[in-house]
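Residue-level structural notes
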There are 4 protein chains.
Amino acid sequence: MERIAYLGLGIMGSGMASNLLKAGYPVTVWNRSPESCKPLVEQGATQAQTPAQAVQSADVIIYCLSNEQAVEDVVFGQDGILSNVQSGKIAINTSTVHPDTSHQEAAAYAQKNVEFLDAPVFGSKNEAICGGLWIVVGGKQDVFERVKPILQTFTATAHYLGDTGKGACMKLIGNSIVATQIEALGEAMVLATKAGLNPKDVLDVLHVVDFRSPVFDGVGQTLVNRDFTTSFALKHLLKDVNLIARLAQDLNSPMPAAAMVRETIKTAVNQGWGEENATAFIKALELEAGAIVKS
Amino acid sequence: MERIAYLGLGIMGSGMASNLLKAGYPVTVWNRSPESCKPLVEQGATQAQTPAQAVQSADVIIYCLSNEQAVEDVVFGQDGILSNVQSGKIAINTSTVHPDTSHQEAAAYAQKNVEFLDAPVFGSKNEAICGGLWIVVGGKQDVFERVKPILQTFTATAHYLGDTGKGACMKLIGNSIVATQIEALGEAMVLATKAGLNPKDVLDVLHVVDFRSPVFDGVGQTLVNRDFTTSFALKHLLKDVNLIARLAQDLNSPMPAAAMVRETIKTAVNQGWGEENATAFIKALELEAGAIVKS
Amino acid sequence: MERIAYLGLGIMGSGMASNLLKAGYPVTVWNRSPESCKPLVEQGATQAQTPAQAVQSADVIIYCLSNEQAVEDVVFGQDGILSNVQSGKIAINTSTVHPDTSHQEAAAYAQKNVEFLDAPVFGSKNEAICGGLWIVVGGKQDVFERVKPILQTFTATAHYLGDTGKGACMKLIGNSIVATQIEALGEAMVLATKAGLNPKDVLDVLHVVDFRSPVFDGVGQTLVNRDFTTSFALKHLLKDVNLIARLAQDLNSPMPAAAMVRETIKTAVNQGWGEENATAFIKALELEAGAIVKS
Amino acid sequence: MERIAYLGLGIMGSGMASNLLKAGYPVTVWNRSPESCKPLVEQGATQAQTPAQAVQSADVIIYCLSNEQAVEDVVFGQDGILSNVQSGKIAINTSTVHPDTSHQEAAAYAQKNVEFLDAPVFGSKNEAICGGLWIVVGGKQDVFERVKPILQTFTATAHYLGDTGKGACMKLIGNSIVATQIEALGEAMVLATKAGLNPKDVLDVLHVVDFRSPVFDGVGQTLVNRDFTTSFALKHLLKDVNLIARLAQDLNSPMPAAAMVRETIKTAVNQGWGEENATAFIKALELEAGAIVKS
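Residues numbered from 1 in each chain as written. Chains lettered and ligands numbered in written order. Predicted model: local features only at pLDDT ≥ 70, side-chain atom pairs only at ≥ 80, totals over all residues.

1. Remarks on the overall build of chain A
When helices and strands are counted, chain A shows 13 helices and 9 strands. Computed over C-alpha atoms, the radius of gyration of chain A comes to 20 Å, within 12% of the 19 Å expected from 2.2 N^0.38 for 295 residues, which places it in the range of a compact globule. Projected onto its principal axes, the C-alpha coordinates of chain A cover approximately 65 × 45 × 35 Å. Burial statistics for chain A: of 295 residues in total, 59% are counted as buried. Restricting the contact set of chain A to residue pairs at least 6 apart, pairs at least 24 apart contribute 64%. (Helix = DSSP H or I, 4+ residues; strand = E, 2+ residues; numbered from the N terminus. Rg over C-alpha atoms; globule rule 2.2 N^0.38 Å. Buried ≥ 20, exposed ≤ 12 C-beta atoms within 10 Å, placed from the backbone. Contact = placed C-beta atoms within 7 Å.)

In structure tokens:
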């Protein structure tokens, strides 16, 4: 079995690394805050002190980092992956980044004779824990096929989408859909409340109709319960919609509704809600509607 | 069993009337273009020459009409329902209208001692045929309970939402969500195409992820197949988003993304695509993106 | 000299009536709240008790009313203008209304053999007082020419734009430009403040450059001075942008930026600022920017 | 008199350099395409072969370049300004750039003991020729005061706005206002045309009212005359609105209307109109309105 290095043990990374261990892969882990390594070490992982050390004897290097800056540090920085990665290995970035970053990574790895896949994942905490994520992959197809059994330990489906950057693009495009769905739900729920409808009744309807979506169930519950406990922080969604806007700018592609969603998210973060759950941006619509917004 | 009058035999109305007949209810039908009555008469319905005649001996009067003007004509007009409806009966409007219209109907029926429910339906052709629509109902709860067995002959679920107008509101709110979902999909697909992704691959991803929706499957197929055969005409969706904008105006409720969807739909109708399927408004985004838009 | 009836003595109407008196015209005035007649009576006007009485012996009837409902009451209502207007006279509506209202007025007056002009005015308090308003006129050109000397008593320029409704259209179109200019200024000033620029310095620049406008000077001052004393209430601007949206809907004309301005104004009115000056809607942008908004 | 180096001789730069010569300053000029130097050499300028050579003996170095990449090349590149600038001199960037670029320039110049001002100009061809530009300046105030007489040779007003980057910010903020004004005019003119108003009549009204602006006169004429001869190319305006969006993103500042303007400009550039005059983006609104758009 391939030896795996897993770097970046947030909610998502921890879940993926754990499923690799469960499947029997030998895994070396590293995280900026070393305490996050502990549960995985208890599960059998080896802990490394630096990215460079983590990749020393790994066949496949996987990482899940919070933004482009973290990729810069962990991949390109001092004691970073590139400083010690061995020829013939495979690196996989499961983070949400701009495709330009994917291209920079691919070029740098190619210099070291290392293969690279941009392979972000859809899904959140639950899917990460249960190994039910959906992975979207860019890079060489034969490399994808070689690592597919590894990816399958933590994913429900794995989609090969084309050359470098295609996975990163798909992730951003998907997130733009999610953000717009949440906006649509928020506009609808605010209007429904003003119209005197019972929010729970509205969610019952949205649960069954032919435009239903797990988003409406999940986000709808957090709204009705006023529970914005963070599983994915709003400030990270702002980062994502900013990346989407950058991609749309690069390609000069029309995104009028997504532009509005970005405005709503901006407003929410400006109220100090950036650390709350991403769905908390609906509160910005409530504010605009004149409600005294309860956290 | 209650005697039913069904008025308005478009795609939706014909489906509902047919399911009433299948359930054994005696049904009198009327339609502006009388030829649409034929299949139902063959199924056992009685054909009336005017709305007034249709409601003569009906216990429950149901109608599904294309817009407020048709309601004005069929309910309030010469030889309309109100001209001949009998005290103690029940009238049910399954059309998509503004709640103000529901209130006008309720008030006029109350003068005749007739109960009224605003009860629009979600779903389209298939659900109408199979009796799998989702109905959202405003009016008196005991009246809803009395007619529930009738509604169940053509619906999968029936939701009582409160007093007069609540059904009409819910329908508009739901349609605003659908329209925004289609916009989100369109913006995403145009961006995906510009980014070099294969549209079919994108739809495969959207089919499984945690923000999936039947909308993305259905609309996605029409996009990939360039099949905009009309099941619900774009010009009717424009009418609906205009009604939504009016409701949002009445309640001064924020709808920035929905406002953008309305702009996209306007653009599409202005290109002459109003008679195509509602999903054809995505072509307006393609036009804005600089594509030579194929029908 | 023609005998004038002037109905509706708000800030604008009072100014116009006063200038008619100064020019030597015999003027009969009426206002819903009769106390507003007093200053004009002191200037020589005759006070009427009802619209019907006001128009009894007038050759030219001019009115400036706050919205369509007031037009409905004063023109079409009990003791309204139409109840007593004499054949061969001329009626002029200087209010801001939808062109449909102009058409309804024109049709009703035509039945009485009365000529009608829709003739709203640009400008505010100062221009009303000084007789420096700008009037935009729809109706028959020869009627316009006949009353031009009268209009010139309270206007700097008088523009004949075509048949009935053209004046009303022009007014709405102009107001959409003003509202978007204020939005543009507001977005700019909020960004400038966040960027650390001194608002007064920004206004100094805007005062001279080739995109300068009296709007930026006037609104800019109210912003810097935090003086939102009402000369034209924000709730009336909301009414106007709603009329503009209705006109754009009627003609299916694209108005994406104006749609956003409407959202900002909605937000401001929802915060309870509807009675403040129209320019106060910039505070909604400040709120969205995360500022604690001072009144 | 100070010896001046002027780099970048487009429409704007040529005008500024010419006015410096007229005022009697000794000027060395450089341009990427050397032929643009000819008229200025005829006026008395010395021509340099490289930026490095141009700044060799200059006391004040002024440059006007088309975008950040040109700044990168001319300032930071091989044979660029920084490679040969002398201690104690002053560099002035009159280009439209992001304030981050200003900060990078200031830092690099500081290493060479050179003072730096970010000092973009408002105005276009005519103002450049006549010396009537409006300049907005960031940097040290005493440096601004020292070069003020130089700046006054080509400007009508010079505004000191604060430390490094403040000039760049002000320029972007101003351009966002212009772009939104053009959008407002475009939405208004399209609506006016659909409403049956004569565009020339509309411009006559806009010329006088209290929200008039030179923008409406100038852009209005190009619209009515269908003359989109380039004085400032639309593709450059797209660059500017993208810079504005980046600044708004950096500061998380709300810009809903500006976001819509960006969408309209995108649409226009996607139709192949990027080389036409900036005002040509109104044609995108005409396209959305369903008009067959004439160039």
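2. Observations regarding the nonpolar core
Within soluble globular proteins, side chains that are nonpolar generally end up buried alongside one another. Judged by nonpolar contacts, the single largest core of 456 residues is most densely connected at A:Ile61, B:Ile61, C:Ile61 and D:Ile61. Once residues within four sequence positions are removed from consideration, A:Ile61 is found in contact with A:Ala5, A:Val55, A:Ile81, A:Val85, A:Lys89, A:Ala91 and A:Ile92. (Core = buried A, V, L, I, M, F, W, Y, C linked by C-beta atoms within 7 Å.)

3. Quick word on the packing of helix H8 (residues 166-194) of chain B against helix H10 (residues 214-224) of chain B
Residues and elements named next belong to chain B. Across the interface, H8 lies against H10 with an axial gap of 10 Å and an inter-helix angle of 50 degrees. With respect to H10, the axis of H8 lies oblique. Relative to H10, the crossing made by H8 is right-handed. Counting all contacts with H8, which are made through Val178, Gln181, Ile182, Leu185 and Met189, the residues of H10 involved are Val215, Phe216, Val219, Gly220 and Leu223. (Axes fitted to C-alpha atoms, helices over the stretch in contact; angles between N-to-C directions. Parallel < 35°, antiparallel > 145°, perpendicular 65-115°, else oblique. Left-handed = near helix turned anticlockwise from the far one by under 90°.)

4. Looking at the relation of the copies chain B and chain D
For the pair chain B and chain D, the superposition axis carries a translation of 0.0 Å, the fit reaches an RMSD of 0.0 Å, and the rotation angle comes to 180 degrees. The transformation just described matches what one would write down for a two-fold rotation axis. Looking at chain B, 100% of its interface residues are interface residues in chain D too, so the copies touch through the same face. (Least-squares fit on C-alpha atoms with pLDDT ≥ 70 in both.)

5. Quick notes on the domain arrangement of chain A
Interface extent is often summarised as the accessible area lost during association of the parts. All names here are of chain A. As far as domains go, chain A holds domain 1 (4-163) and domain 2 (169-288). Distance between the C-alpha centres of domain 1 and domain 2: 28 Å. Taken together, the contact pairs 11 residues of domain 1 with 13 residues of domain 2. Of the residues belonging to the side of domain 1 that touches domain 2, the class tally is 5 nonpolar, 5 polar and 1 charged. (Domains from an automatic or database assignment. Nonpolar A, V, L, I, M, F, W, Y, C, P; charged D, E, K, R; others polar.)

6. Describing the interface of chain B and chain D
Listed as interface residues are 7 residues of chain B and, on the opposing side, 7 residues of chain D. By residue number, the principal contributor to the side of chain B that touches chain D is helix H12 (residues 256-270) of chain B, which donates 3 residues. Of the residues belonging to the side of chain B that touches chain D, the class tally is 2 nonpolar, 4 polar and 1 charged.

7. Description of the relation of the copies chain B and chain A
With an RMSD of 0.1 Å, chain B superimposes on chain A once it is rotated by 180 degrees and translated 0.0 Å along the axis. Most of the interface of chain B is mirrored in chain A: 100% of its interface residues are interface residues there too.

8. A few points about the interface of chain B and chain A
Taken together, the contact between chain B and chain A spans 60 residues of the former and 60 residues of the latter. Every element with two or more residues in the side of chain B that touches chain A is listed here: strand E8 (133-138), strand E9 (155-162), H8, helix H9 (199-208), H10, helix H11 (234-250), H12 and helix H13 (282-288) of chain B. Among the elements that take part in the side of chain B that touches chain A, H8(B) stands out by supplying 19 residues, more than any other. Grouping the amino acids of the side of chain B that touches chain A by side-chain chemistry returns 37 nonpolar, 12 polar and 11 charged.

9. Observations concerning the environment of C:Arg32
Note on placement: C:Arg32 falls in the loop between strand E2 (27-30) and helix H2 (38-42). In this structure the C-alpha to C-alpha distance between C:Arg32 and C:Ala70, which are 38 residues apart in sequence, comes to 9.7 Å.

10. Considering the packing of helix H8 (residues 166-194) of chain A against helix H11 (residues 234-250) of chain A
All names here are of chain A. Taken N-terminus to C-terminus, the directions of H8 and H11 make an angle of 115 degrees; their axes are 9 Å apart at the nearest point. As for how H8 packs across H11, the hand of that crossing is left-handed. Within the contact between the two elements, H8 uses Cys169, Leu172, Asn175, Ser176 and Ala179 and H11 uses Leu237, Asp240, Val241, Leu243, Ile244 and Leu247. Within the contact of H8 with H11, the residues separate by chemical class into 8 nonpolar, 2 polar and 1 charged.

11. Details of unusual backbone geometry
You will see that B:Arg226, though not glycine, has its phi angle at about 50 degrees, which is positive. Looking at the secondary structure, you find B:Arg226 in the loop between H10 and H11. For D:Asp79, which is not glycine, the phi dihedral falls at a positive 55 degrees. With respect to the helices and strands, D:Asp79 occurs in the loop between helix H4 (68-76) and strand E5 (90-93). Judged by the 14 C-beta atoms lying within 10 Å of it, D:Asp79 is partly exposed.

12. Some thoughts on helix H5 (residues 99-111) of chain B
Residues and elements named next belong to chain B. Between the first and last C-alpha of H5 there are 19 Å, a value that for 13 residues agrees with the 18 Å anticipated at 1.5 Å per step. Here H5 has its buried residues at Pro99, Thr101, Ser102, Glu105, Ala106 and Tyr109. Along the long axis of H5, the arc covered by the buried residues comes to 145 degrees, so they all point the same way. Away from its buried face, by an angle of more than 90 degrees, H5 presents the exposed residues Ala107 and Gln111. Contact partners of the buried residues in H5: helix H4 (68-76), strand E5 (90-93), strand E6 (115-118), E8 and H8. Downstream of H5 by one or two residues, asparagine 113 has phi in the positive range, about 60 degrees. (Expected span 1.5 Å × (residues − 1). Arc of directions from axis to C-beta.)

13. Thoughts on the pairing of strand E1 (residues 4-7) of chain C
Residues and elements named next belong to chain C. In E1, alternate side chains face the same way, and those of Ile4 and Tyr6 on one face and Ala5 and Leu7 on the other are all buried. Both E1 and E2 contribute to a ladder of 4 bridges, which runs parallel. Pairing of tyrosine 6 across the sheet is with valine 29, part of E2. Following the backbone out of E1, through helix H1 (residues 11-22) and into the adjacent parallel E2, one traces a crossover that is right-handed. Sheet topology note: the E1/strand E4 (residues 60-63) ladder contains 4 bridges and is parallel. Across the sheet, the residue bridging to alanine 5 is isoleucine 61, located in E4. (Pairing = 2+ DSSP bridges. Right-handed = clockwise from strand over helix to strand, strands pointing away.)

14. Thoughts on helix H1 (residues 11-22) of chain B
Because an α-helix completes one turn every 3.6 residues, residues spaced three or four positions apart along the sequence face the same direction. All names here are of chain B. Over its 12 residues, H1 runs 17 Å from end to end, which matches the ideal 16 Å to within 8%, given 1.5 Å per residue. Among the 12 residues in H1, 10 count as buried, and that is most of the element. All buried positions along H1 are accounted for by Met12, Gly13, Ser14, Gly15, Met16, Ala17, Ser18, Asn19, Leu20 and Leu21. Positive backbone phi, approximately 100 degrees, marks glycine 24, located one or two places after H1.

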